[in-house]
Amino acid sequence: MSDPLDHVMAMWRSDDASAALGIELLDIGVDDGLGYARTRMTVTARQVNGHNIAHGGFIFALADSTFAVACNASGRPTVASGAEIDFITPGNLGDVLVADARERTTYGRSGITDVTVRRESDAEIVAEFRGRSRSLRS
């Protein structure tokens, strides 16, 4: 019998975009039928904007990658149907950002997953992300 995480681990190993951004997968699992995941990324010189703070697109990408892992953890191939993000405080060059994602609910083929992005050094919240997912038809 295969591990239910095989599908999502294969997906993660094939995710060249997340790898190129230096995103590391730290944790993944399922709790009461709902997926969760934790990732980490260091803000590099190529990821800061003209204000010398982390570009919002890279923070979104970190949250989105973590969301993808969490909502695929249960083994059903799932994609995003939409997402939004609120930027709370800036990330800076050299900051290590940690993203924690947790599915809040699934209903039919749809789901909602929340992701909190924090600065590792002081646990300050950098962003809050909410993703909406849709499982693919079998």
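Each remark here, short or long, concerns the structure printed above.
> I would appreciate a short explanation of the pattern of salt bridges in the present structure.
Proximity of charged atoms lets side chains of opposite charge pair with each other. Enumeration according to the criterion identifies eight salt bridges in this entry. Overlapping salt bridges bring together Glu 24, Arg 40 and Glu 120 as one network.

> Please explain the sheet that holds strand β6 (residues 125-135) as it appears in this structure.
Strand pairing in a sheet is mediated by backbone hydrogen bonds. Such pairs are either parallel or antiparallel. Strands sit in the order β1-β2-β4-β5-β6-β3 across an open sheet of six strands; the sheet is antiparallel. Each having just a single partner strand, β1 (24-31) and β3 (78-87) make up the two edges of the open sheet. On average, each strand axis in the sheet is inclined to that of its neighbour by 20°, with strand direction left out of account. Bridge count for strand β4 (residues 96-107) against strand β5 (residues 110-119) is ten bridges, and the pairing is antiparallel. The residue bridging Thr 105 from the neighbouring strand is Ile 112, located in β5. Along the sheet face, helix α1 (residues 6-13) touches β1 and β2 (34-42) and points at about 160° away from the line of β1. Set on the sheet, helix α3 (residues 56-72) makes contact with β1, β2, β3, β4, β5 and β6; between it and β2 the angle comes to about 150°.

What counts and what doesn't
Residues numbered from 1 in each chain as written. Predicted model: local features only at pLDDT ≥ 70, side-chain atom pairs only at ≥ 80, totals over all residues. Heavy atoms only, no water. Salt bridge = Lys/Arg side-chain N within 4 Å of Asp/Glu carboxyl O. Pairing = 2+ DSSP bridges. Helix = DSSP H or I, 4+ residues; strand = E, 2+ residues; numbered from the N terminus. Axes fitted to C-alpha atoms, helices over the stretch in contact; angles between N-to-C directions. Contact = heavy atoms within 4.5 Å.

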